[in-house]
Amino acid sequence: MSEIEFLEWVRGPGFEIATVIFIAGVIIRLLEIVILGRKENLAEAKGSEMSSGLRTIVTRTIPDKGAFKRSTFTIVAGYIFHIGLFVTIFLFAPHILLFKDVIGLSWPALPTPIVDAFAVVTIITLLAILIHRMRDNVLRFLSTKEDYLVWMLTILPLITGYMAFHRIGMSAPTLLAIHILTVELLLVAFPFTKFMHAFTIVLARWYNGAISGYRGVES
Amino acid sequence: MTDRSSDKEKTLGDALRSQGVSRRSFLKFCAATASMMAISPAMIPKIAEALEKARKPSVIWLSFQECTGCTESLTRAHATTIENLIFDSISLDYHHTLQAAAGHAAEEAREVAMKENHGEYLLVVDGSIPMGDPGYSTIAGISNYDMLMEAAEGAAAIISVGTCATYGGLPMAKPNPTGAVSVGDLIKDKPIINVPGCPPIPVVITGVLTHFLTFGAIPELDHIGRPMVFYGQSIHDRCYRRPFYDKGLFAETFDDEGAQKGWCLYKLGCKGPTTYNACATTKWNNGTSFPIEAGHPCIGCSEPRFWDGGGFYKALSMPTQDIGKTAVYTAAGAVAAGVAIGGLNKLTKSGAAAAHDKTTIDDLEKE
């Protein structure tokens, strides 16, 4: 397979396969969770589930003081790389073109040097996070193969994207093809791994808030 | 016959002088060639000397499944350029579009040239070779495959000109009805210089010829056989519109404000980032401009399989297929499947609840 054929495959059939697995997997998993529901609570309701649930989705975004003190690195690094991912994925002009082509919506892009800087910071942060995970005894003990797989699938598109943009090491078509392929691997793994938190975080926070709301306590 | 042999005795220097090319413009050409090919300026006298003394090399040009665009590109200069003269000064012994002879006389010229210069002539090929059925393209009743194999046998080197000869080009595009293949697919035991492009830039071929005449060897090639000096950098890397790409300023349509201001054509499908060629630096029509300068995105014509690359006007970051439709169908299917699975789970749950037996004190006391 020549490099252009490789690029053609990842832009064509490869991307289609990945998209189908991603969309089907995410929707089926979410529906399963929602339809299964929770056990009926026989106690009398002391407050609203809905308002407390919705409020908690937002309030949990800010860590409480105690948690922040205990795991400062995890929270700060976590924020940095999530914001970095958001900027590199959603505010890079060629990526916006992809979204426009698939979902029909587009929005303004950031200048490429800024996105580039975000990518570098994100890559460094993810490396620091891995080192932290491996050096901390408790974290290392709690880590599963999936955790390392997810870390790998997150950093690979960033590194390959950076290499493709700066044309490091290989020819441009090969670099671009490898970059797209790593994103496809991420999409395929997404519904079956903890990547799902990108969607389930909303449900989880709502349930947490709703439970407290029902009991009439602060969440 | 005698005329032709005496013509062949002439060196390139003689030929250029007889056409009224001054020493000054000849050296200018040598210097330009050296700088273009990134050769040290110290080599300019050597290039001049080598070209001066070079006997007109015999060149056999075979045209297979092609559109003659390559020949048009390489021979049609608007003004007489020195590159053109160099090109005129090779002994083009066979080229069925350009030669005056026809029929048996033409084929005889090819056979004589092959015999007289066996092991020394340059073979230039444009067009792909049909392997599906030899009858798709024949010359004087000889299949393209047979003619290529016969001519390649005695060639010093082969120059594949145009994307059809180098990588299959248009004839090899899906569904490849003629079973077209490239020269490199068939010949493995000769040095092959690939000069792709649809068509390739004229100055590239004179550059390759100059290199061959000066050093007696083929220039450094990249991993798909292209001379590094011309195909070493991508269009994108040398594009004068690159600053707009970096700033994120793009033309969205062919007639919007961005297009008028000369912003980057990435969104209009420009293949510059994945295309290696010299268009952005040497340009076309005596250095006038190149497609991007004229406001059209690069279509990637010097890359293999560029016809099948998902459409000339689709940006590189876009999928080549209509994913939107697939996504909608998938989502619809997944909702149905998710509801069905959820329903099954509920059934299992209620079934389990119904089958659940309560243990009473009596049950426990039985033991």
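As the structure is a prediction and not an experimental result, all values here were calculated from the model.

1. Comments concerning the overall build of chain B
Helix and strand content of chain B: 19 helices and nine strands. Rg of the C-alpha trace for chain B: 30 Å, well past the compact-globule value of 21 Å for 367 residues, more than 25% over. Along the first, second and third principal axes, the C-alpha set of chain B runs to 125 × 50 × 40 Å. Across chain B, every contact between residues at least 6 apart in sequence was considered, and the portion connecting residues at least 24 apart equals 71%.

2. Some words on unusual backbone geometry
All names here are of chain B. Backbone torsion omega between Lys174 and Pro175 reads 5 degrees, so that peptide bond is classified as cis. Along the polypeptide, Pro175 turns up in the loop between helix H10 (169-172) and strand E8 (180-181). Cis geometry is found at the peptide bond from Cys198 to Pro199, where omega equals 0 degrees. Inspection of the secondary structure puts Pro199 in the loop between strand E9 (192-195) and helix H12 (202-215). Even without a glycine there, the phi angle at Asn176 is positive, about 50 degrees.

3. As for the nonpolar core
Ranked by size, the top nonpolar core spans 118 residues in total, and within it Ile60, Leu62, Leu123, Val125, Ala151 and Ile158 of chain B carry the most contacts. A per-element tally of this core places helix H10 (residues 172-189) of chain A first, with 10 residues. Viewed by domain, this core spans two of them, domain 1 (55-231) and domain 2 (235-308) of chain B, each represented by three or more residues. Not counting the four nearest positions on each side in its chain, Ile158 of chain B is found in contact with Leu123, Val125, Ala152, Val183, Ile187, Lys190 and Ile192 of chain B.

4. Comments concerning the packing of helix H4 (residues 44-53) of chain B against H12 of chain B
All names here are of chain B. Relative to each other, H4 and H12 sit at 85 degrees, their axes nearing to 8 Å. Here H4 is positioned roughly perpendicular relative to H12, judged by the angle of their axes. Across from Lys46, Ile47, Ala50 and Leu51 in H4, the residues of H12 making contact are Thr210, Leu213 and Thr214. Across the contact of H4 with H12, the residue classes break down as four nonpolar, two polar and one charged.

5. Here's the deal with the interface of chain A and chain B
Listed per partner, the contact involves 36 residues of chain A and 38 residues of chain B. Contributing elements (two or more residues each) for the side of chain A that touches chain B: helix H1 (3-11), helix H2 (13-36), helix H6 (93-103), helix H7 (112-135) and H10 of chain A. If you tally residues by element for the side of chain A that touches chain B, the top one is H2 of chain A, at 12 residues.

6. A short note on the domain arrangement of chain B
All names here are of chain B. Domain parsing of chain B yields domain 1 (55-231) and domain 2 (235-308). One C-alpha centre belongs to domain 1, the other to domain 2; they are set 28 Å apart. Domain 1 puts 18 residues into the contact, and the matching count from domain 2 is 15 residues. Sorting the residues of the side of domain 1 that touches domain 2 by element identifies helix H9 (162-167), H12 and helix H13 (228-231) as the ones contributing at least two each. For the side of domain 1 that touches domain 2, a count of residues per class yields 12 nonpolar, four polar and two charged.

7. What about the pairing of strand E3 (residues 121-126) of chain B?
Residues and elements named next belong to chain B. Most of E3 is tucked away: six of the six residues are buried. Relative to E3, strand E1 (residues 58-63) is paired through five bridges, and the arrangement is parallel. Of the residues in E3, the one forming a bridge with Leu62 is Val125. Bridge analysis of E3 against strand E7 (residues 155-161) gives six bridges, and the strand direction is parallel. Across the sheet, Leu123 pairs through a bridge with Ile158, a residue of E7.

8. A short note on helix H5 (residues 72-90) of chain A
Residues and elements named next belong to chain A. Taking 1.5 Å as the rise per residue, H5 with 19 residues should run 27 Å; its terminal C-alpha atoms sit 27 Å apart, in good agreement. What H5 keeps buried is the set Phe81, Gly84 and Thr88. What you see down the axis of H5 is that its buried residues fit within an arc of 60 degrees, all on one side. Along H5, the residues that are exposed and aim more than 90 degrees away from the buried face are Thr72 and Phe86. Turning to H5, the residues buried within the fold contact H7 and helix H9 (145-166).

9. As for the packing of H1 of chain A against H10 of chain A
Residues and elements named next belong to chain A. In contact at an axis separation of 9 Å, H1 and H10 are set at 30 degrees when each is read in the N-to-C sense. Relative to H10, the element H1 is oriented roughly parallel. As H1 runs across H10, the sense of the crossing is left-handed. On H10, the residues touching Glu3, Ile4, Phe6, Leu7, Val10 and Arg11 of H1 are Pro173, Thr174, Leu176, Ala177, Ile180, Leu181 and Glu184. Classifying every residue of the contact of H1 with H10 by side-chain character gives nine nonpolar, one polar and three charged.

10. Regarding the sheet that holds E9 of chain B
Residues and elements named next belong to chain B. The five strands are arranged E2-E1-E3-E7-E9 in an open sheet whose pairing can be described as parallel. Strand pairing shows two members of the sheet lacking a second neighbour, strand E2 (91-95) and E9, which therefore form its edges. The sheet shows a mean angle of 20 degrees between the axes of neighbouring strands, direction not considered. In this structure, E1 lies alongside E2, joined through four bridges in parallel fashion. If you follow Ile60 over to E2, its bridge partner there is Tyr94. This element, helix H7 (residues 103-116), spans E1, E2 and E3 of the sheet and lies at about 135 degrees to E2. In the packing of helix H8 (residues 144-153) onto the sheet, contacts are made with E1, E3 and E7, and the angle to E1 comes to roughly 165 degrees.

The rules we used
- Residues numbered from 1 in each chain as written.
- Chains lettered and ligands numbered in written order.
- Predicted model: local features only at pLDDT ≥ 70, side-chain atom pairs only at ≥ 80, totals over all residues.
- Helix = DSSP H or I, 4+ residues; strand = E, 2+ residues; numbered from the N terminus.
- Rg over C-alpha atoms; globule rule 2.2 N^0.38 Å.
- Contact = placed C-beta atoms within 7 Å.
- Core = buried A, V, L, I, M, F, W, Y, C linked by C-beta atoms within 7 Å.
- Buried ≥ 20, exposed ≤ 12 C-beta atoms within 10 Å, placed from the backbone.
- Domains from an automatic or database assignment.
- Axes fitted to C-alpha atoms, helices over the stretch in contact; angles between N-to-C directions.
- Parallel < 35°, antiparallel > 145°, perpendicular 65-115°, else oblique.
- Nonpolar A, V, L, I, M, F, W, Y, C, P; charged D, E, K, R; others polar.
- Pairing = 2+ DSSP bridges.
- Expected span 1.5 Å × (residues − 1).
- Arc of directions from axis to C-beta.
- Left-handed = near helix turned anticlockwise from the far one by under 90°.

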